[in-house]
Amino acid sequence: MASNITQDDENTMKILIATDIHLGYIETHPVRGDDSFITFEEILKLGVKHKVDFVLLGGDLFHDGKPSVNCLSRCMDLLNRYCMGHGEVNINVLSDPAEIFSFSANPMVNYMNPNLNVALPIFSIHGNHDDPLGYNAKCSLDMLSAAGLINYFGKYTNLQDDISLVPLLISKGNTRVAIYGLGSLKDKMASRLFRQEQVNIMQPEEPDSWFNIMVLHQNRSAHTKDECLHESYLPESMNLVFWGHEHECRIEPEFNATRNFYVTQPGSSVATSLCEGESREKKVGILYVKGTKFHMRPIPLETVRPFIFDVVDLATEYRDKPSRTMKQGVQAFLEQRVEELLREAEGQLTGNPKQPKLPLVRLRVECFKQEELFNTVRFGLQFEEKVANPTDMIAIKRPQAPKKIKVELDQDVFDSAKTESVLHNVEELVEKYFNDCEAGKRMQVLPVVSVNEALAQQMKGDLSAFDIVIKKIKDKVVKSILDKGIIEEDEIREELEAIRDTKNGPENAEQIINEVRGMLEEPRENGGNADEDTLMSINDEDPFAESTSRGRGAKTTRARGRGRGVARGRKVAQISDEDDENPYMDEPPARPARGPGSRGGRGSRARGAKAAAPSARKTSPPPSMNITRYTRPTQPKPGNRIGSFFDDDSD
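Before going into details, it helps to say that this report is about the structure given with it. (Residues numbered from 1 in each chain as written. Predicted model: local features only at pLDDT ≥ 70, side-chain atom pairs only at ≥ 80, totals over all residues. Heavy atoms only, no water.)

## Description of the overall build of the protein chain
What counts here: A run of H or I in DSSP becomes a helix once it reaches four residues, and a run of E becomes a strand once it reaches two; helices and strands are each numbered from the N terminus. Relative accessibility thresholds used throughout: buried, under 20% of the residue-type maximum; exposed, over 50%; partly exposed, between the two (1.4 Å probe, protein chains only). Areas reported as accessible are Shrake-Rupley estimates using a 1.4 Å probe. Residue values count occlusion only from the protein chains shown.
Helix and strand counts for the protein chain stand at 15 helices and 18 strands. For the protein chain, the residues scored as buried account for 44% of the 651 residues in total. Only carbon and sulfur atoms are counted for the fraction: they give 49% of the accessible area of the protein chain, which is about 36,500 Å².

## Re the side chain of S36
As a reminder, the rule being used: Whenever two N or O atoms come within 3.5 Å, that pair is a polar contact, provided that in protein one can donate a hydrogen and the other can accept it, and provided that, for residues adjacent in sequence, both atoms are side-chain atoms. Contacts were defined at the residue level, with two residues in contact if any of their heavy atoms lie within 4.5 Å.
Examined against the element boundaries, S36 turns out to sit in helix 1 (residues 35-49). Within the local environment of S36, its side chain forms a polar contact with the backbone nitrogen of G24, the two atoms lying 3.2 Å apart. Dropping the residues within four chain positions of it, S36 is found in contact with I21, H22, L23, G24, Y25 and V270.

## What to know about the environment of N514
Positionally, N514 belongs in helix 14 (residues 509-521). Through-space distance from the C-alpha of N514 to that of S450 is 9.4 Å; in sequence the pair is 64 residues apart.

## As for the nonpolar core
Going by this rule: Each nonpolar core is a collection of buried residues, namely Ala, Val, Leu, Ile, Met, Phe, Trp, Tyr and Cys, held together in the definition by side-chain atoms within 4.5 Å.
Formed by 36 residues in total, the largest nonpolar core has its most connected members in L23, F40, L61, F62, L79 and L144. Looking at this core, the elements that each hand over two or more residues are strand 1 (13-18), helix 1, strand 2 (54-57), helix 2 (69-83), helix 4 (140-146) and strand 14 (283-290). For this core, the element with the highest residue contribution is helix 2, accounting for 7 residues. If we skip the residues at most four places from it in the chain, L79 touches F40, L44, M84, I122, L144, L149 and I150. Of all hydrophobic cores here, the second largest spans 31 residues; its members include I15, I100, L168 and L287.

## A short note on the packing of helix 1 against helix 2
When two helices pack together, their arrangement is given by the angle between their axes and by how far apart the axes lie. Operational definition: For helices, the fitted line uses only the C-alpha atoms of the stretch in contact; every axis is such a line through C-alpha atoms, and the angle between N-to-C directions lies from 0 to 180 degrees. Reported orientations rely on four angle classes, namely roughly parallel under 35 degrees, roughly antiparallel over 145, roughly perpendicular from 65 to 115, and oblique for the rest. Crossings are sorted by hand: turned counterclockwise from the far helix by less than a right angle, the near helix makes the crossing left-handed, and turned clockwise it makes it right-handed. Three classes are used, and their members are as follows: Ala, Val, Leu, Ile, Met, Phe, Trp, Tyr, Cys and Pro are nonpolar, Asp, Glu, Lys and Arg are charged, and the others, Gly among them, are polar.
Between helix 1 and helix 2, whose axes approach to 10 Å, the crossing angle comes to 15 degrees. As judged from the angle between their axes, helix 1 and helix 2 are roughly parallel. In this structure, helix 1 crosses over helix 2, and the sense of that crossing is right-handed. For the pair formed by helix 1 and helix 2, the contact residues are F37, F40, E41, L44, K45 and V48 on the first element and C71, R74, C75, L78, L79, R81, Y82 and C83 on the second. Broken down by class, the residue content of the contact of helix 1 with helix 2 amounts to 10 nonpolar, no polar and 4 charged.

## Some details on the packing of aromatic side chains
Condition: Note on aromatic pairs: the rings of Phe, Tyr and Trp (six-membered ring only in Trp) are paired at centre separations within 6.5 Å, and the planes decide the class, stacked below 30 degrees, edge-to-face beyond 60, tilted for the rest. Counted as over-ring charges are cases with an Arg CZ or a Lys NZ within 6 Å of the ring centre that also lie within 35 degrees of the ring normal.
Scanning the entire structure with this criterion turns up 8 aromatic pairs. Judged by centre distance (4.9 Å) and plane angle (50 degrees), the ring pair of F255 and Y262 falls under tilted. Residue classification places F255 among the partly exposed positions, given a relative accessible area of 43%. In this arrangement the basic side chain of R74 is found over the ring face of F37, its NZ or CZ atom lying 4.1 Å from the centre. Cation over ring: R220 sits above W243, and NZ or CZ is 5.7 Å from the ring centre.

## Digging into the sheet that holds strand 12 (residues 250-256)
Using the following cut-off: The pairing criterion for strands is at least two bridges between them, as found by DSSP.
Spatially, 3-7-8-10-11-13-12 is the arrangement adopted by the 7 strands of the open sheet, whose pairing is mixed. Because the sheet does not close on itself, it has two edges, and the strands there are strand 3 (92-93) and strand 12. Bridging between strand 12 and strand 13 (residues 261-265) involves 4 bridges; their strand directions are antiparallel. Counterpart to N256 in the pairing with strand 13 is F261.

## Digging into a negative patch on the surface
As a reminder of what qualifies: To count toward a patch, a residue needs a relative accessible area over 30% and no salt bridge; like charges are then connected within 9 Å, while nonpolar side chains (Val, Leu, Ile, Met, Phe, Trp, Tyr) are connected within 5 Å. Throughout this description, the term salt bridge denotes a Lys or Arg side-chain nitrogen within 4 Å of a carboxyl oxygen of Asp or Glu. As used throughout, the charge tally considers Lys and Arg to be positive and Asp and Glu to be negative, leaving His and the chain termini uncounted. Throughout, a charge is located at the NZ atom of Lys, the CZ atom of Arg, the CG atom of Asp or the CD atom of Glu.
Among the surface-exposed residues, E488, E491, E494 and E497 lie close enough to one another that they form a single negatively charged patch. As for its position among the elements, E497 is in helix 13 (residues 489-503). Accessibility expressed as a relative area gives 35% for E497, which makes it partly exposed.

Here it is, written out as structure tokens:
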């Protein structure tokens, strides 16, 4: 990459690159609705001002797959205003338009259309927001292409076979650029295609004399293994990879030493999420290419709404004052912090008359106590005239529970233990497994004997045996460590090993069994065993209470009918504290006495339902329930094709 290739001559190609413009994002918002259109207009103005040869977009021109009529109208108006005219186009498209734009209604470059006057050509792939869908796989870019406003390329809809990436070949003087566009795909699909070499790079003749650009719109961050497209999957024949979809601005080319190419990530021109990456300064770039060498010139955007992002950790930054409640103190503290952020946002004002003045503010508050929580919407509304997003200005983040360490079962040891002919029950299998498995998979605190005893008790019907034994042994070990004053991690680990070695001895087996049985015989907080815990009421009120609805159309009843008083057509049972042996009634309760106001409203009896007749037979209790194949260049690339160039030139 060179630093002095900025001169305008017949051999230097100038390309304005931008991506993720998201036209129409919250376009109906009274404050932020125009942000995307204002910035898009600035980008087009920059193209005209710097007299670039063409604009290259990396996808997501629109925020919605089906943009509104208002959004389409404003977009087409801007394209007509800044891209159409009698200006001279100094580039030549050498590719076969019928092959590059085969899916277009007019398979040709728009500036070659005799019916149009194009001064600033735009080439674009689609993103994940404006990707093809529906009948014939059309998208909003197809409409702009049919109108002759942009040149839409990189559309591949048949993914059953290998993809052959045919480059868009453009020349200016003796500089030749091959642009390989690939519109947005599902990340797993894109990852699989490149990993299995199902993407064929179609190279022109004399491939080393071309400057190769790949335009993508995929996840770059490795959220999971296949939820992104790894740079290592991309072909080495590229000189520059133009990465769309990621909104954080990293427009300065980053060199990938493994694949020997550069990556530029312009980021979005409008903040569509209030995250830290979006708060970075928004930029576009002018890419200068001469021969096989290039230079990137970042240009900050002046009409982007100011955005400040900050994080507050109440545990370390907030000091409570006894003169007020915790909630009041936290809110007063955060009010001061927001005022500081507003003063900081003033530094992002550029002086451009079209730049929105109200800033975006996102304060992520990390809370650890319940009493620190407050109504974030109500808090934000007091800054309604100072920020553009008062209702979502504060984001509360609660600490996440530490992830549990998952220990995989040693299948070989387990299978070996199962085949032992001397084993007679499950307890012996458990003991055999933990005695034979490697040290890292053995239990560190629980004795194997205690696990077996809890298992035996649970098989006898005590469904909470495991939970109780684990909790009580853990509490006992923690208390023992605290009583000894052990605080260092190494000492704690040594103490745990000593406890494990002591408890797992065969001479202690009977003692541990008695301890476990004693734990299970202790009174429990819920006052009953696991079987009793499974009895649940439907709501907080008595689920068997009588219906006492009064008047017509009472809200407490749904089905309609002419019944009076108690709802009919269902069995009614009452549980009394005095009747422990059989809580189910012999007979339904007596009907309430009639009188003024005692009539049941419509709906107190289901239509068509029969009244429950008294029966001498007892109601039965409910039954018990068990809870590129791509082609790589055959010859190595010439040395120093990207490094320092124009070494013999001076600024």
